[in-house]
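Architecture at a glance
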Amino acid sequence: MLCGTRAYLMAQNKMWGGRFEGGPAAIMEVITPSIDFDKRMAAQDIAGSRAHARMLAMQQIIPQADAEAIIRGLDMIEKEIEQGKFTYSRQLEDIHLNIESRLKELIGEPAGRLHTARSRNDQVVTDFRLWLREACARAEAGLEELQRALFAQAEIHYATIMPGYTHMQPAQPVTFGHHCLAYVEMFYRDRGRFGDCGKRLNECPLGSAALAGTPYPIDRDVTAKALGFARPMRNSLDAVSARDFALEYLAACTIMATNISRLAGEIVQWSTPAFGFVRLSDAFTTGSSIMPQKRNPDAAELIRGKTGRVLGDFVALATVVKGLALAYGTDLQEDKERVFDAADTVEVSLAAMAGMLADLKVNDATMRAAAEAGYPTATDLADWIVSTLRKPFREAHHIAGAIVKRAEDLNLPLAGLPLAEMQAIEPGITDAVFDVLSLDASVKARMSFGGTAPDRVREQLFFWREKLK
């Protein structure tokens, strides 16, 4: 049985007032409620209501005693929610009406004054911006932990040689530390996107009311400051209807998920017997129900797979917003499930990837052996011909290609091809060429800024050590 106050509120056409004589169709009981998901914003809703109540009293719009009663009641509700004692009702639709209804039960008439000079339209988007501001901060923190895990591997393996690929074909040798730092850079840009999103959404819609503002003498700067916003939003229509901040968050999630998926995909490849570059711990692998030898990289595969889910969340909300006229439409109720789903997905993916990398064991010898395949120092040979024999690069490229073909015919590595074989193609080549044909020589020669030379990688490690303090 519902208590008297809550039953009364439900009977009053869900707080819609006296406009409606009949009740809603039965299907509306299914399609309308959002409490199942928007209860996640309970803390933000209570914070917004506290700030609003204090401002109303300060502006003498409601009595100070009523504001104090409202805040006491909100404090009680907050404790009930924290202790798991709060009862959510789908008949009250959303978190806002659930809290307001409980407030009425707790403090009586003063609860009815809380909604003065605001609408659920500005209330919900205020809550949503507060929630997303925290989500942006969580994403940044998760990305930083992932960067730290990559940095730790790069610090150990700054000189560990591995094959660098283009088109998934062996291209030139690089170091595993250099490879890890490429992702550190990538995830730093992801952090910047979430940081920018958090700054841009940090404007307060509260006080915009339904769409046109309010005739009450409110002070929107006060509520904005109380809630940690940089400023109130300048246009009431924009304030209640804009969801570009949610789209920006989802876009940042999508780009980040795409980036992390690339790393996950590489880990899946590297952990196969065909590559054997890395070994994942038991904590991040599973076995097979039928094949006892299997070690499946499930965590990496799941992270890779969840990218499509996050992209779907972005597309879903973009589709909702694309044809929506100003100002508010209940279509926008679809925003929160998409954002909540993306947030949950990227946060667990980041935590799993950071844990997986922390446990990752690198097989140095296997990486190095793989780097020998495919004539990865052919470019070094061409560069030597340019710098020593003063040939144009295009000609040197042709000569090096012919030498590679001869080495392939004899099934020899470049460094193992006899000098006479090289001189048969280009007489000017001397035995000094062998100084540049080893993997170590190739890697050490890449001394340009941003290059893979171990000395350059150490410089980048110093830079990121300071950045990630």
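Bear in mind the structure is a predicted one, so any value in this text is a computation, not a measurement.

About the criteria used
Every chain's residues receive numbers from 1 upward, in the order its sequence appears when written. A pLDDT threshold of at least 70 governs which residues receive local features in this predicted model, and a stricter bar of 80 or more applies before side-chain atom pairs are shown or counted, although totals over entire chains, interfaces and linings include all residues. Computation of side-chain values covers all heavy atoms of the structure but excludes hydrogens and water. The secondary structure listing takes helices from DSSP runs of H or I that are at least 4 residues long and strands from runs of E that are at least 2 residues long, numbered from the N terminus. Relative accessibility thresholds used throughout: buried, under 20% of the residue-type maximum; exposed, over 50%; partly exposed, between the two (1.4 Å probe, protein chains only). Between two residues, a contact is recorded if the distance between any of their heavy atoms is within 4.5 Å. Surface exposure here means Shrake-Rupley accessible area, sampled with a 1.4 Å probe, where a residue is shielded only by the protein chains that are shown. Working convention for charge: Lys and Arg count positive, Asp and Glu count negative, and His plus the chain ends are omitted. Where a charge lies is defined by one atom per residue type, namely NZ (Lys), CZ (Arg), CG (Asp) and CD (Glu). Each salt bridge in this description consists of a side-chain nitrogen of Lys or Arg and a carboxyl oxygen of Asp or Glu lying within 4 Å of one another. A 1.4 Å probe that fits but cannot get out identifies a cavity on a 1 Å grid over protein atoms alone, an open set with protein on both sides within 12 Å along at least five of seven lines counts as a pocket, and a residue lines either if it has an atom within 4 Å of a point. Grid points are joined across faces, edges and corners, and a volume is the space filled by probe spheres set on the points. Charged means Asp, Glu, Lys or Arg here, nonpolar means Ala, Val, Leu, Ile, Met, Phe, Trp, Tyr, Cys or Pro, and polar covers whatever is left, Gly included. Patch membership is restricted to residues that have no salt bridge and whose relative accessible area is over 30%. Joining uses 9 Å for like charges and 5 Å for the nonpolar side chains Val, Leu, Ile, Met, Phe, Trp and Tyr. To obtain an axis, a line is fitted to C-alpha atoms, over the contacting stretch when the element is a helix, and the angle between two such axes runs from 0 to 180 degrees between their N-to-C directions. With respect to orientation, any angle under 35 degrees is reported as roughly parallel, any angle over 145 as roughly antiparallel, any angle of 65 to 115 as roughly perpendicular, and every other angle as oblique. It is the rotation of the near helix from the far one that decides the hand of a crossing: anticlockwise by less than a right angle makes it left-handed, clockwise makes it right-handed. A helix is expected to span 1.5 Å multiplied by its residue count minus one. Nitrogen and oxygen atoms within 3.5 Å of one another constitute a polar contact, given that in protein one can donate a hydrogen and the other can accept it, and given that sequence-neighbouring residues count only through two side-chain atoms. Take the buried residues of types Ala, Val, Leu, Ile, Met, Phe, Trp, Tyr and Cys, join any two whose side-chain atoms come within 4.5 Å, and each joined set is a nonpolar core. Our working definition of a disulfide is a cysteine sulfur pair at a distance within 2.5 Å. Note: two strands are recorded as paired if DSSP finds a minimum of 2 bridges between them.

Some thoughts on the overall build of the protein
Within the protein, the regular secondary structure consists of 19 helices and six strands. Projected onto its principal axes, the C-alpha coordinates of the protein cover approximately 100 × 55 × 40 Å. Out of the 469 residues in the protein, the part that is buried amounts to 47%. Nonlocal contacts in the protein, meaning residues at least 24 apart in sequence, comprise 74% of its contacts between residues at least 6 apart. Carbon and sulfur atoms provide 54% of the accessible area of the protein, an area that totals close to 22,400 Å². For the protein, the distance from the average position of its 54 positive side-chain charges to the average position of its 60 negative side-chain charges is 2 Å.

Quick word on the pattern of salt bridges
According to the stated counting rule, one finds 33 salt bridges in the structure shown. A salt bridge links Arg243 to Asp335; its shortest N-O distance comes to 2.6 Å. With Arg243 in the loop between helix H10 (236–241) and helix H11 (244–270) and Asp335 in helix H13 (residues 334–359), this residue pair connects regions lying 92 residues apart in the sequence. Residue Lys336 pairs with Asp335 through a salt bridge whose shortest N-O separation is 2.7 Å. For the pair Lys336 and Asp335, one class covers both residues: buried.

So, empty space enclosed by the protein
Per the counting criterion, the structure on display carries two cavities of 30 Å³ or more. Reported here for the second largest cavity is a volume of approximately 40 Å³. What lines the second largest cavity is Met256, Ala257, Ile260, Ile303, Lys306, Thr307, Val310, Thr345, Val346 and Ser349. Only H11, helix H12 (298–322) and H13 provide two or more residues apiece to the lining of the second largest cavity. Top element by residues in the lining of the second largest cavity is H12. It accounts for four residues. Its residues assigned to classes, the lining of the second largest cavity comprises six nonpolar, three polar and one charged.

Quick look at unusual backbone geometry
With an omega dihedral of 10 degrees, the bond running from Leu326 to Ala327 counts as a cis peptide bond. Looking at the secondary structure, you find Ala327 in the loop between H12 and H13. Phi angles above zero are rare outside glycine, and Gln60 is one such case at about 60 degrees. Take Gln60: it is sitting in the loop between helix H4 (42–58) and helix H5 (64–82). Despite not being glycine, Ala209 shows a phi value in the positive range, around 60 degrees. In this fold, Ala209 is placed in the loop between strand E3 (203–204) and helix H9 (220–226).

Considerations on a nonpolar patch on the surface
Together, Leu211, Leu237 and Leu326 make up an exposed nonpolar region whose accessible area comes to about 270 Å². Take Leu211: it is sitting in the loop between E3 and H9. Take Leu211: its relative accessible area is 38%, and that puts it in the partly exposed class.

Quick word on the packing of H11 against H13
Look at H11 against H13: their axes get within 10 Å of each other, and the N-to-C directions meet at 30 degrees. Taken as axis vectors, H11 and H13 run roughly parallel relative to one another. For the pair H11 and H13, the crossing hand works out as left-handed. Counted together, Ala246, Tyr249, Leu250, Cys253, Met256, Ile260, Leu263, Ala264 and Ile267 of H11 and Arg338, Val339, Ala342, Ala343, Val346, Glu347, Ser349, Leu350, Met353, Met356 and Leu357 of H13 form the full contact between these two elements.

Examining helix H15 (residues 378–389)
Taking 1.5 Å of rise per residue, 12 residues should cover 16 Å, and H15 covers 16 Å from first to last C-alpha, within 8% of that figure. For H15, the set of buried residues is Ala378, Asp380, Leu381, Ala382, Trp384 and Ile385. Among the structural elements, helix H16 (393–409) and helix H18 (439–445) are those in contact with the buried residues of H15.

Regarding helix H6 (residues 95–107)
The first and last C-alpha atoms of H6 sit 18 Å apart over 13 residues, in line with the 18 Å expected at 1.5 Å per residue. Within H6, burial applies to Ile95, His96, Leu97, Asn98, Ile99, Glu100, Ser101 and Leu103. The N-cap of H6, judged by a side-chain oxygen 3.1 Å from the amide nitrogen of His96 a few residues on, is Asp94. Residue Gly108 follows H6 closely and has a positive phi angle near 75 degrees.

Concerning the nonpolar core
Leu132, Tyr249 and Met353 are the most contacted members of the largest nonpolar core, which totals 69 residues. Breaking this core down by element, the ones donating at least two residues are helix H7 (120–156), helix H8 (176–200), H11, H12, H13 and helix H19 (454–467). The element best represented in this core is H11, accounting for 15 residues. Aside from chain neighbours lying at most four places away, what touches Tyr249 is Leu132, Ala135, Cys136, Phe194, Cys197, Val339, Ala343, Val346 and Glu347. Among the nonpolar cores identified, the runner-up in size contains 22 residues, and Ile46, Ala67, Phe86 and Ala117 belong to it.

Regarding the state of the cysteines
Tallied over the entire structure, the rule returns zero disulfides. Free of any disulfide, Cys197 has its nearest cysteine sulfur in Cys136, 3.8 Å distant.

Things to note about the pairing of strand E2 (residues 169–175)
For strand E1 (residues 161–166) and E2, the ladder comprises six bridges, and the chain directions are antiparallel. Bridging across to E2, Tyr165 finds its partner in Pro170. Turn length for the E1-E2 hairpin, with the two strands adjacent in sequence and antiparallel, is two residues, and the turn residue His167 shows positive phi of about 55 degrees.

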